Amino acid sequence: MEEYKFLTYNVGKLNPVSATEYATVGGYAGLKIALANPSAVIQTIKDSGLRGRGGAGFPTGMKWTFVRNTEADQKYIVCNADEGEPGTNKDRILMAEVPNLLFEGMAIAGVAVGATKGYIYLRAEYPYVKEILLKALDDARIRHFLGKNVMGSDFDFDIEIRSGAGAYVCGEETALLESIEGKRGEPRYKPPFPGVQGLWGKPTVINNVETLCNIPMILCMGADFFKALGTPQTTGTKLFTLCGNIKNPGVYEFQTGITMRELFEDVGGGCPNGKKLKAIQCGGASGPIVGTDKLDTKMSIEDCNAAGANFGAGDLMFIDEDQGIVDLCENLMEFFEEESCGKCTPCREGNFRLLELVRKFKDGTGTETDLDTIEDLASTMMDASLCGLGQASPIPLVSAIKYFRNEFLEGGNY
Amino acid sequence: MANDYSYCCTKASDPLVLAKIAAIAAPYRGREDMLIEVLREAQPIAGNAVPEEVAAVVSEAMDIPRPKIYGVATFYAMFSKEERGEHIIRMCHSAPCHVRGAKVLLDAFEKELGIPCGHTTLDGRFTLETCECLGVCDRAPAVMIDDEVYGPLTPADVKGVLAKYR
């Protein structure tokens, strides 16, 4: 199947750090459009139906409206480049290959809401991406696409990069803000939402890398063009990361609405060594583990939700017949137990206990009662955890029990 | 015995090292937001760690209370209080690498280096750690040595990869 290269069109074709090369293929034309008519930007984004690509799927235009409508002497655009969800690699590709697309998206966001300063919060595991971003930023400033008087206008906008230091929770937007401020990355209570009180208490737009990369494309191609791509409620394209037991792992761009089966068979080439597919984890480490009966689900937010799968950031991990589901659940719970920041009790204690319970099934001592306890605890965590980490971390386990209950009760000897 | 693997070094008490770290931190006096960046730059000079001596110097130079620095240094996985080896081997053990044989690969690293995970070789050259997703799932199972990514690796590749650093 041929990819639909919308955001990735220039991947591999351009010198990533050259703003001039980017401009010769139509780059920064979207920013020019925005500068000519700042007040029209948000309506265009709203009309396009663009929803956040970081996993939550919040309508981008609406998010920006909150920030635009909040009065403040300073506003910020923050790019969430803390791509920490295991099984998600798409933002790395965009930043390493088309960094100027991201800068342009951030600058347009700045024009739209009245912000003059942007931050890219980059995860620590991508030091080689940081080098590219720094060089590209320098070049973009020299060519006046960033800095004072952007493209000869009276609008100023500059971007700084801030690195994480290894913390999954910093992908949560308020934890990320804490980390940019130089603190422990512990989530804040909401409200107030970042759109009202974000970075240093100022109204802040926080968007995922891929979301921001869509912005210049929408302004250039028009909202109607964008809206015609993909499914009705998840318009546009998506970068899908395929990983796990699959022949051709990697990042591929398609219109939303492509099925899991197409991604698995036609794009991914199936499981290696002729193995049979047993399960799919969709939407990253905190997404549900589902059986192969879900393979015909269309990859869009609405279709995934209806099927009990999860669109997330568009990542699919394929699990072949050699893998034990209980073993996988243990691995996932170890991850959440390690990455829980410890601020709120349901997540801190809950993940610890869930790991303990999964291990009982690993060594064959788990019982039906333990499965009930897991479900009970999971529902408390989902309801009572402060942020998405604790709210979502029980999902893979609960879904795995639903689809592979026997494996848990048969001593986990798979 | 765990002690057999403990790696002793006194980099953090070397006045020259501390002076260098003070110089890194000084321009950011009062800039708490730069703390993580400063610690990241300081860490490789101080034996790949942020021990108390380093925290004290940074605290003085940036005018940030020491408990705050302790809080930050112990929160993020990439900081260590204990001194580590010259090269840090970070073996991804998140699910996408796990289902592609990360455990077997980790065993091979342990065997080749002669240390269990979490320890430093006696010559101080390598520290072996596991970490969460490196964001290179298309190269699973993957390993990061300092800033360089390797993968997909099989146990047979381990010797060759390490040879570059020996």
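Being a predicted model, the structure only gives us computed values, none of them experimental.

Looking now at the overall build of chain B. Assigned secondary structure in chain B consists of seven helices and four strands. Reading chain B from its N end, one meets helices and strands in the order α-α-α-α-β-α-α-β-β-β-α. For chain B, the C-alpha radius of gyration of 17 Å lies close to 15 Å, the compact-globule estimate for 166 residues. Over its C-alpha atoms, taken along the principal directions, chain B stretches across nearly 50 × 30 × 25 Å. A buried classification covers 45% of the 166 residues belonging to chain B. Restricting to contacts in chain B with at least 6 residues of sequence separation, those with at least 24 account for 64%.

All right, on to the sheet that holds strand β2 (residues 126-131) of chain B then. All names here are of chain B. Here four strands make up an open sheet; going across it, the order is β2-β1-β3-β4 and the pairing mixed. Strands with a single pairing partner mark the edges of an open sheet, and in this sheet they are β2 and β4 (148-150). Across the sheet, the mean angle from the axis of one strand to that of its neighbour is 25°, orientation sign disregarded. Across the sheet, helix α6 (residues 102-113) is in contact with β1 (87-92) and β2; its angle to β1 comes to roughly 155°.

With that settled, consider the environment of E52 of chain B. Along the chain, the position of E52 of chain B falls in helix α3 (residues 52-62). As for E52 of chain B and A12 of chain B, which are separated by 40 residues in sequence, their C-alpha atoms are 8.4 Å apart.

The next point concerns the domain arrangement of chain B. Here the domain parsing of chain B yields domain 1 (2-75) and domain 2 (87-163). Each of domain 1 of chain B and domain 2 of chain B has a C-alpha centre, and the two are 26 Å apart.

In this section: the environment of S340 of chain A. As for its placement among the helices and strands, S340 of chain A is situated in the loop between α13 (325-339) and α14 (345-362). In this view, S340 of chain A contacts C347, R348, N351, L389 and G390 of chain A; residues no more than four positions away in its chain are not counted.

Bringing the domain arrangement of chain A into the picture now. One widely used convention gives an interface's size as the accessible area the parts lose upon coming together. Residue and element names in this part refer to chain A. Taken as a whole, chain A is organised into domain 1 (19-227), domain 2 (237-320) and domain 3 (325-409). Taking the mean C-alpha position of each, domain 2 and domain 3 sit 22 Å from one another. Listed as interface residues are ten residues of domain 2 and, on the opposing side, eleven residues of domain 3. Where the side of domain 2 that touches domain 3 is concerned, the elements lending two or more residues are β7 (277-282) and β8 (289-291). The dominant element in the side of domain 2 that touches domain 3, judged by the number of residues it contributes, is β8, at three residues.

Here the focus is the sheet that holds strand β3 (residues 158-163) of chain A. Two strands in a sheet stick together by hydrogen bonds in their backbones, pointing the same way (parallel) or opposite ways (antiparallel). All names here are of chain A. An order of β3-β2-β1-β4 is seen for the four strands of this open sheet, with the pairing classed as parallel. Single-partner strands in this sheet number two, and they are β3 and β4 (204-208). Between one strand axis and the next, the sheet turns by 20° as a mean value, whatever way the strands run. Pairing of strand β1 (residues 76-81) with strand β2 (residues 117-122), which is carried by six bridges, proceeds in the parallel orientation. Bridge assignment links Y76 to a residue of β2, and that residue is K117.

Turning our attention to the interface of chain B and chain A. Each partner contributes residues to the interface: chain B has 28 residues there, and chain A has 40 residues. Elements with a contribution of two residues or more to the side of chain B that touches chain A: α2 (35-42), α4 (66-75) and α5 (95-98) of chain B. Each residue belonging to the side of chain B that touches chain A can be placed in one class, and the counts come to 17 nonpolar, four polar and seven charged.

Owing to its 3.6 residues per turn, the α-helix brings residues three or four apart onto one side. Residue and element names in this part refer to chain A. Along helix α11 (residues 260-267), the positions that sit buried rather than exposed are M260, L263 and F264. Considered in projection along α11, the buried side chains sweep an arc of 95° and stay on one side of the axis. Immediately beyond the C-terminal end of α11, within one or two residues, lies G269, with a positive phi of roughly 80°.

For the rest of this paragraph, the subject is helix α17 (residues 395-403) of chain A. Extensive coverage of α17 of chain A is indicated by the burial of seven of its nine residues. Listed as buried for α17 of chain A are I395, P396, L397, V398, S399, A400 and I401 of chain A.

Let us now look at the packing of helix α6 (residues 99-113) of chain A against helix α7 (residues 127-142) of chain A. Residue and element names in this part refer to chain A. Axis separation between α6 and α7 bottoms out at 10 Å; the angle between their running directions is 60°. The orientation of α6 with respect to α7, classified from their angle, is oblique. In this structure, α6 crosses over α7, and the sense of that crossing is right-handed. Across the interface between the two elements, P99, N100 and F103 from α6 touch I132, L133, A136 and A140 from α7. Of the residues belonging to the contact of α6 with α7, the class tally is six nonpolar, one polar and no charged.

Considering soluble globular proteins, one finds that nonpolar side chains tend to be buried as a cluster. Counting residues in hydrophobic clusters, the biggest one holds 178 residues, and the most contacted among them are C79, L102, I108 and A109 of chain A together with L39 and V58 of chain B. Here this core gets ten residues from one element, more than from any other, and that element is α6 of chain A. Excluding its chain neighbours within four sequence positions, the residues that come into contact with I108 of chain A are G30, L31, A34, V41, I215, P216 and L219 of chain A.

On to the pairing of β2 of chain B, then. Residue and element names in this part refer to chain B. For β2, a buried count of five out of six residues is recorded, marking the element as mostly surrounded by other parts of the structure. Alignment of β1 against β2, held across six bridges, turns out to be parallel. Among the inter-strand pairings, M91 is bridged to a residue of β2, identified as T130.

The subject of this paragraph is the confidence of the model for chain B. All names here are of chain B. Per-residue pLDDT for chain B has a mean of 93; in total, 94% of the residues score no lower than 70. In the model of chain B, helix α1 (residues 15-25) stands out as the element of lowest mean pLDDT, 95, in contrast to α6, which has the highest, 98. In this model residues 1-8 is a low-confidence stretch, pLDDT under 50, and it forms seven contacts with partners more than four residues away in sequence or in other chains.

Reading guide: rules and limits
Residues numbered from 1 in each chain as written. Chains lettered and ligands numbered in written order. Predicted model: local features only at pLDDT ≥ 70, side-chain atom pairs only at ≥ 80, totals over all residues. Helix = DSSP H or I, 4+ residues; strand = E, 2+ residues; numbered from the N terminus. Rg over C-alpha atoms; globule rule 2.2 N^0.38 Å. Buried ≥ 20, exposed ≤ 12 C-beta atoms within 10 Å, placed from the backbone. Contact = placed C-beta atoms within 7 Å. Pairing = 2+ DSSP bridges. Axes fitted to C-alpha atoms, helices over the stretch in contact; angles between N-to-C directions. Domains from an automatic or database assignment. Nonpolar A, V, L, I, M, F, W, Y, C, P; charged D, E, K, R; others polar. Arc of directions from axis to C-beta. Parallel < 35°, antiparallel > 145°, perpendicular 65-115°, else oblique. Left-handed = near helix turned anticlockwise from the far one by under 90°. Core = buried A, V, L, I, M, F, W, Y, C linked by C-beta atoms within 7 Å. pLDDT = per-residue confidence, 0-100.

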